[in-house]
Amino acid sequence: MAASGAGIAEAVRGRARGLPDALLYCRSSDYHHVTPRNHPANTLKSWGHPNYRMATSRQTRDRAAELRTELSRHIRLYHVLSQPEITDAEYDALMRELQSLEAEHSELQTPDSPTQRIGAPPASGFEEVTHTVPLLSLSNVFGPDDLSAWHRRITEFLEIDRFDMVCEVKIDGLAIALTYEDGVLVRGATRGDGVTGEDVTANIRTIKSIPLRLEGGDYPPRLEVRGEIYFPKTAFDAFNEERVANGLPPYMNPRNSASGSLRQLDSRETAKRPLAGWMYSIGWFEADGDLLPSTHSGRLEALTRWGFKVNPWTRSAASLEAVEKAHADALSGRDGLGYQIDGMVIKVDDIGYQDRLGFVGREPRWATAYKFPPEQVTAILDEIRVSVGRTGALTPYAYFEEGVHVGGVVVHQASLHNEQDIRRKGIAAGQRVIVQRAGDVIPQVVGPAPGETPRDDYTLPDMCPVCGEAVLHDEDEAVVRCVNGRCPVQSQRLIEHFAGRGSMDIEGLGEKMAVILFNEKLVGDVADLYTLGGHREKLIEMERLGEISVDNLLAGIEASKSQPLSRLLSGLGILHVGGENAELLAGRFGSLKGLQDATGDDLTAIDGVGPRIAASVVDWFSHEGNQQIVDKLIAAGVDPREEMREPEDLPWTGLRFVVTGRMESYSRREAQAKIKSLGGTVSSTVSGKTSFVVVGAEPGSKYDKAVRLEVPILDEAAFLQKLDKEEGAS
Ligand SMILES: [Zn+2]
């Protein structure tokens, strides 16, 4: 029995450093079965020498490997297949044996060892992970009409009559991405914002239904598997009971608890929570020639074969009727499942179709979420309150003193839309009303609860609740507005919005602070925030504001200068510009000035930006007051730059295409999407500005016009060649 080369070398080095010869004995000892008190290993350990490292016998290594395999198998039998073969006590004994082996021989501790599931000591924070392929969000459909529109968009895009779909339940959990190299889990990351997530590998390893090593041999050498982590319902209830017994408040909903559990800095804490995971797709893979199945359903089977837990509730559907049937089944069966679901996901089964369909914005065209109807509860409506928005519109909302439990959260406010809507539904303060909430949307009051007498006498106040001026009833728009140009609320709301979570995220600058700053005439518009430092003394002298809170506020404002451009754009309150649109604009124009100089055509050239958004952006920047805000922001150093997808980077930027006639290889929409993806713009009419007219079979009048105007014409072959050249180059 010989020690490994490394073991001997280590032992020899140990001797050279003055450790006794006893160290060398262990290379032929087999002490993992019997480790007597006087064994050299124990003697050495007690010396606590920092350089001490035990050489490991082959038998020990073999036993460790055997234990790893056995334990992994039992974990899978229990957590994935629900077919345990041994008792918990037997399992624990095996685990303890492996733990003690690894404790003595740290080199035996592999990243796929089942002991890693127990958790590691706390980390100081999570590393950021940039996803190789972004984790996208899904579009939603809410009923048969939406669904058939989604289906039609696909058949039109691909110019096909039918396609197969796969329906899966939509788990209300937390999306994750797991990277495997040579079958070993090397990284687990949260979705984060879809582009950047957090490295939670140590925590992922504690989730026993996730394989640390893949089964079988037909997996690609590198791949990323995606799925959803969730807190099983019964485990959640038991977990809460224990919390309450320990005098801790119970958690409100399993989804948030799953998220909190997965983001524990101490993975030993995560290990105590019985999280589980369903895997549902392959994000990306690298393989030499080894191709994965060409259908989504085939890939789900592969995931199962490799040891992943794949949700058994998965249906193939070839027609919309079959999808509707599956949706109805999922809805009626949801309460019997051991986990929360909030709808069904429908995917195009053919991966080739998926690739051709691609994405629009951050949503794949080839999948959608078919949501369930929202949860409804009843509650006493204490008061109908009125808020005044950024545009001066008076908006009524419901207020619930005690709070209402709905859709997994407690809410105190719910939307009431507008005055007419309240009257039409017969809602009044003091009634018991129906409140509903679906997903992350704001809860709504649907109407009076059964048994309540509807009342149709609600009216909005005649005076602005903020400035006291008479309001204007705009019958056409069904909106009541405060039109007082000096009504402070609009500016205040904009400041509040600018500082909000989705925008510049300035801590300490909420509604109250926005009102104070505005009323004290310290801040008239959002750009004034960045000169607030000059008023530090005045702020400190003001009522209710201490030195610490003032300095925190100023530090928060200063820090916000480094927020990305997309957030700054969201914060400016440009109509229709926020979230994804703001990111699209920031990515294309790179700076405030860049966007300011953009024309309507520049804007609509972006895939995902329509004429409505373009008009709103151009309109906003054309106002002198807004131009001053932009200048003030830049002068104050608020001028974030985004790495631009430089127009020059895209080969067809500046080129205008018109597509006409029928092509063999692409549908018209697909061809248009290709052109846009290379930076070109697509227009519907041929003019002197048109760069190319792409002509398929039976082209019609656009072709004649192109000939007349001497616009270059590309037939299908020429278009494909041009496309190939550019796509090959990028
Ligand atoms: Zn007002």
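Since this is a predicted model, take the numbers as computed values, not measurements. (Residues numbered from 1 in each chain as written. Predicted model: local features only at pLDDT ≥ 70, side-chain atom pairs only at ≥ 80, totals over all residues. Heavy atoms only, no water.)

### Some thoughts on helix H24 (residues 624-635)
Every α-helix winds through 3.6 residues per turn, so residues three or four apart in the chain are directed the same way.
Consideration 1: Taking 1.5 Å per residue as the helical rise, H24 with its twelve residues ought to reach 16 Å, and the 16 Å between its terminal C-alpha atoms agrees with that figure.
Consideration 2: Every buried residue of H24 is accounted for by Asn626, Ile629, Val630 and Leu633. Around the axis of H24, the buried residues are gathered within 100° of arc, so they sit on the same side. With respect to the buried face of H24, the exposed residues turned more than 90 degrees away are Glu624 and Ala635.
Consideration 3: In this structure, the buried residues of H24 make contact with helix H19 (565-571), helix H21 (592-596) and helix H23 (611-622). (Helix = DSSP H or I, 4+ residues; strand = E, 2+ residues; numbered from the N terminus. Expected span 1.5 Å × (residues − 1). Buried < 20%, exposed > 50% of the residue type's maximum accessible area, 1.4 Å probe, protein only. Arc of directions from axis to C-beta. Contact = heavy atoms within 4.5 Å.)

### Some remarks on helix H5 (residues 88-104)
Consideration 1: In this model, H5 (17 residues) spans 24 Å end to end at C-alpha, consistent with the 24 Å of a helix rising 1.5 Å per residue.
Consideration 2: Considered for burial, the residues of H5 that qualify are Tyr91, Leu94, Met95, Leu98, Leu101 and Glu102. The buried residues of H5 occupy an angular sector of 125° when the element is viewed end-on, so they sit on one face. Opposite the buried face of H5, at more than 90 degrees from it, the exposed residues are Ala89, Arg96 and Ala103.
Consideration 3: Against the buried residues of H5 lie helix H4 (58-79).

### So, the confidence of the model for the chain
Consideration 1: Summarising the model, the chain shows a mean pLDDT of 83, and 89% of its residues fall at 70 or more.
Consideration 2: Every residue in residues 1-54 is under pLDDT 50, and counting partners more than four places away or in other chains gives 64 contacts. (pLDDT = per-residue confidence, 0-100.)

### Overview of the packing of helix H6 (residues 144-158) against helix H12 (residues 320-333)
Each pair of packed helices can be described by the angle between their axes along with the distance between the axes.
Consideration 1: Contact geometry for H6 and H12: axes closest at 11 Å, N-to-C directions at 135°. Judged on the interaxial angle alone, H12 and H6 are oblique. When the axes of H6 and H12 are compared, the crossing they make is right-handed. In this structure, H6 uses Pro144, Leu147, Ser148 and His151 to contact H12, whose residues at the interface are Leu320, Val323 and Glu324.
Consideration 2: The residue inventory of the contact of H6 with H12, partitioned by class, reads four nonpolar, two polar and one charged. (Axes fitted to C-alpha atoms, helices over the stretch in contact; angles between N-to-C directions. Parallel < 35°, antiparallel > 145°, perpendicular 65-115°, else oblique. Left-handed = near helix turned anticlockwise from the far one by under 90°. Nonpolar A, V, L, I, M, F, W, Y, C, P; charged D, E, K, R; others polar.)

### Structural notes on the pairing of strand E22 (residues 656-660)
Consideration 1: With respect to burial, E22 is a largely interior element, four of its five residues being buried.
Consideration 2: Looking at chain direction, E22 and strand E23 (residues 681-682) are connected through two bridges and run parallel. The residue bridging Phe657 from the neighbouring strand is Val682, located in E23.
Consideration 3: In this region the chain leaves E22, passes through helix H25 (residues 668-677) and returns to the parallel neighbour E23; the handedness of that crossover is right-handed.
Consideration 4: Bridge count for E22 against strand E24 (residues 692-695) is four bridges, and the pairing is parallel. The partner of Thr660 across the bridge, within E24, is Val695. (Pairing = 2+ DSSP bridges. Right-handed = clockwise from strand over helix to strand, strands pointing away.)

### A look at the nonpolar core
Consideration 1: In terms of nonpolar packing, the biggest core is built from 52 residues, with Ile506, Leu509, Leu529, Tyr530, Leu569, Leu572 and Leu585 touching the most fellow members.
Consideration 2: Sorting the residues of this core by element identifies helix H15 (488-499), helix H16 (511-519), helix H18 (547-559), H19, helix H20 (579-589), H21, H23 and H24 as the ones contributing at least two each.
Consideration 3: Formed jointly, this core draws a minimum of three residues from each of two domains, domain 4 (488-562) and domain 5 (565-645).
Consideration 4: Among residues more than four places away in sequence, those in contact with Leu529 are Ile495, Phe498, Ile506, Leu509, Leu517, Val523 and Ile557. (Core = buried A, V, L, I, M, F, W, Y, C linked by side-chain atoms within 4.5 Å. Domains from an automatic or database assignment.)

### Focus on a nonpolar patch on the surface
Consideration 1: A cluster of nonpolar side chains, contributed by Tyr703, Val707 and Ile713, occupies part of the molecular surface with about 240 Å² of accessible area.
Consideration 2: Within the fold, Ile713 resides in strand E25 (residues 713-715).
Consideration 3: With relative accessibility at 35%, the residue Ile713 sits in the partly exposed group. (Patch = residues over 30% accessible without salt bridge, like charges linked within 9 Å, V, L, I, M, F, W, Y side chains within 5 Å. Areas by Shrake-Rupley, 256 points an atom, 1.4 Å probe, with all protein chains shown as cover. Salt bridge = Lys/Arg side-chain N within 4 Å of Asp/Glu carboxyl O.)

### Some thoughts on the packing of H6 against H25
Consideration 1: Between H6 and H25, the least distance of the axes is 6 Å, while the angle of their chain directions is 80°. Taken together, the axis directions place H6 and H25 in an arrangement best described as roughly perpendicular. Two secondary-structure elements touch here, H6 through Glu156, Phe157 and Leu158 and H25 through Arg669, Glu670 and Ala673.
Consideration 2: Within the contact of H6 with H25, the residues separate by chemical class into three nonpolar, no polar and three charged.

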